[in-house]
Amino acid sequence: MRKIAIAGNWKMYKTQKEAKEFFIDFLPLVENTIQDIQVLICAPFTNLPFLVSFTANAPTNLAIGAQNLHWADSGAFTGEISAPMLVELGLKFVIVGHSERRQYFGETDATVNQRVKAAQKYGITPILCVGETKQQRDQNETEACIYSQLKLGLEGIDQENLIIAYEPIWAIGTGDTCATTEANRVIGLIRNQLQNQNVTIQYGGSVKPENVDEIMAQSEIDGVLVGGASLEPAIFARIVNYRATN
Ligand code: PGA
């Protein structure tokens with residue numbers, strides 16, 4: 001059985017005060033509707049301890065996640081956070097290899113693979129992000145790009161404890177959503193590369209209340225990874241409370 005997972009990626013937004021205000025408004029909007037799906041908010045590191053305790057009495061399938069982790073347990077890696085540090089907070093999810101990390105912080109498929117392994121070693125589910133640039137899409141290199149990211153990123157990985165997010169880079173933060181049928185097609189191709197057919201595969205890139213129902217109605221898509229539209233409680237609640245039509 002493939003599980004549905006709706007995740008918010010707050011990126012570098014929200015102080016602790018703002019995070020608290022978000023949850024005060026958000027929780028009542030989803031409390032009764034999220035029984036069968038995994039809902040996640042991946043918040044900045046500084047918010048994690050507070051949010052874990054603030055949501056302690058929320059439904060158990062609402063989880064707080066991190067946006068990155070280092071591959072070593074500890075060490076001289078200024079500015080990084082390790083899996084044991086996340087485990088200590090009780091976190092069960094972490095985004096790995098987001099395109100912004102690859103683009104601005106020099107992450108490669110090899111370091112992404114190491115980070116995925118570190119998460120799994122500590123029982124944390126990594127959300128591995130893959131996706132092509134506009135240029136790669138225009139040059140018909142979408143499939144080659146995705147296959148290469150998967151091959152390197154998934155080397156030696158346990159597919160039983162894994163979420164994948166297909167995020168075409170040109171669709172992130174641009175309002176330019178990938179056509180739902182095309183997202184469904186690429187996610188089907190990703191699934192064909194996996195041994196475990198039950199891996200949850202999300203779509204990400206300009207997901208909003210106006211398109212989430214159609215995205216979630218696609219046969220291969222098991223959830224969404226949401227940036228901008230996860231910052232407003234009512235908007236993200238509408239996404240969480242999506243209504244698939246098939
Ligand atoms: P967006 O971001 O929803 O703002 O396009 C998605 C993401 O970066 O995960």
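Structure: see above.
Because the structure is a prediction, the values reported are computed rather than measured. (Residues numbered from 1 in each chain as written. Predicted model: local features only at pLDDT ≥ 70, side-chain atom pairs only at ≥ 80, totals over all residues. Heavy atoms only, no water.)

Considering the pattern of salt bridges
Phase 1: Applying the stated criterion across every chain yields a total of 16 salt bridges.
Phase 2: A salt bridge links K121 to D73; the shortest N-O distance between them is 3.3 Å. You can see K121 sitting in helix α5 (residues 109–121) and its partner D73 sitting in the loop between β3 (62–65) and α3 (83–88), a full 48 residues away along the chain.
Phase 3: The partly exposed category is assigned to D73, whose relative accessible area is 33%.
Phase 4: Close ionic contact of E143 with R185 constitutes a salt bridge, the shortest N to O distance being 2.8 Å. Here E143 is found in helix α7 (residues 142–153), whereas its partner R185 is found in helix α8 (residues 180–192), with 42 residues between them in sequence.
Phase 5: It is possible to trace a salt-bridge network through shared partners that takes in E132, R137, E143, E182 and R185. (Salt bridge = Lys/Arg side-chain N within 4 Å of Asp/Glu carboxyl O. Helix = DSSP H or I, 4+ residues; strand = E, 2+ residues; numbered from the N terminus. Buried < 20%, exposed > 50% of the residue type's maximum accessible area, 1.4 Å probe, protein only.)

Some remarks on the packing of aromatic side chains
Phase 1: Here the structure, examined in full by the defined rule, presents eight aromatic pairs.
Phase 2: Ring centres 6.0 Å apart and planes at 90° place the aromatic pair F23 and F26 in the edge-to-face group. Of this pair, F23 and F26 are both found in helix α1 (residues 16–30), three residues apart, which corresponds to roughly one turn of the helix. F26 shares its class with F23; the two are buried.
Phase 3: Ring pairing ties together the aromatic residues W10, F22, F23, F26 and F236, which thus form one cluster.
Phase 4: Above the plane of the ring of W10 lies K14, whose end atom (NZ or CZ) is 5.3 Å from the centre. (Phe/Tyr/Trp six-rings, centres within 6.5 Å; stacked < 30°, edge-to-face > 60°. Lys NZ or Arg CZ within 6 Å of the ring centre and 35° of its normal.)

Brief notes about the side chain of D109
Phase 1: Structurally, D109 is set in helix α5.
Phase 2: In this structure the side chain of D109 is engaged in a polar contact, spanning 2.7 Å, whose partner is the side chain of R102.
Phase 3: Apart from the residues lying within four places of it in its own chain, the contact partners of D109 are R102, S148, Q149, L152 and G153. (Polar contact = N/O pair within 3.5 Å; in protein donor to acceptor, adjacent residues only side chain to side chain. Contact = heavy atoms within 4.5 Å.)

Looking at unusual backbone geometry
Phase 1: Residue K11 is not a glycine yet carries a positive backbone phi of 50°.
Phase 2: In this structure, K11 sits in the loop between β1 (5–9) and α1.

Considerations on the environment of T133
Phase 1: In this structure, T133 sits in the loop between β5 (125–130) and α6 (134–138).
Phase 2: Expressed as a C-alpha distance, the spacing of T133 and Y166, which sit 33 residues apart in the sequence, is 12 Å.
Phase 3: Once residues within four sequence positions are removed from consideration, T133 is found in contact with I169 and W170.

Some remarks on the layout of surface pockets
Phase 1: Volume-wise, the largest pocket comes out at about 470 Å³.
Phase 2: Lining the largest pocket are 19 residues, and of these K11, M12, Q67, R101 and F105 sit closest to its centre.
Phase 3: Of the residues belonging to the lining of the largest pocket, the class tally is eight nonpolar, seven polar and four charged. (1 Å grid on protein atoms, 1.4 Å probe; cavity = no way out; pocket = protein on both sides within 12 Å on 5 of 7 lines; lining within 4 Å. Points joined across faces, edges and corners; volume = space filled by probe spheres on them. Nonpolar A, V, L, I, M, F, W, Y, C, P; charged D, E, K, R; others polar.)

Let's talk about the site of the ligand
Phase 1: If you check the shell around the ligand, you find 13 residues, and the closest are K11, H98, E167, G173 and S206.
Phase 2: In the model, an oxygen atom of the ligand is placed 2.7 Å from a nitrogen or oxygen of the E167 side chain.
Phase 3: Separating an oxygen atom of the ligand from a backbone N or O atom of G228 is a distance of 2.9 Å.
Phase 4: Contact with the protein chains hides 95% of the accessible area of the ligand, taken as 280 Å² for the molecule alone.
Phase 5: Looking at the shell around the ligand, its residues break down into four nonpolar, seven polar and two charged. (Near = heavy atom within 4 Å. Areas by Shrake-Rupley, 256 points an atom, 1.4 Å probe, with all protein chains shown as cover.)

Focus: the nonpolar core
Within soluble globular proteins, side chains that are nonpolar generally end up buried alongside one another.
Phase 1: If you look at the biggest cluster of nonpolar residues, it comprises 65 residues, and the most contacted ones within it are F23, F26, I164, Y203 and F236.
Phase 2: Considering each element in turn, this core owes the most residues, six residues, to α1.
Phase 3: Excluding anything up to four places from it in sequence, I164 contacts L128, V130, L150, L154, I190, L194, V199, T200, I201 and Q202.
Phase 4: In terms of nonpolar packing, the next biggest core, distinct from the first, is built from 12 residues, A5, F93, I95 and L225 among them. (Core = buried A, V, L, I, M, F, W, Y, C linked by side-chain atoms within 4.5 Å.)

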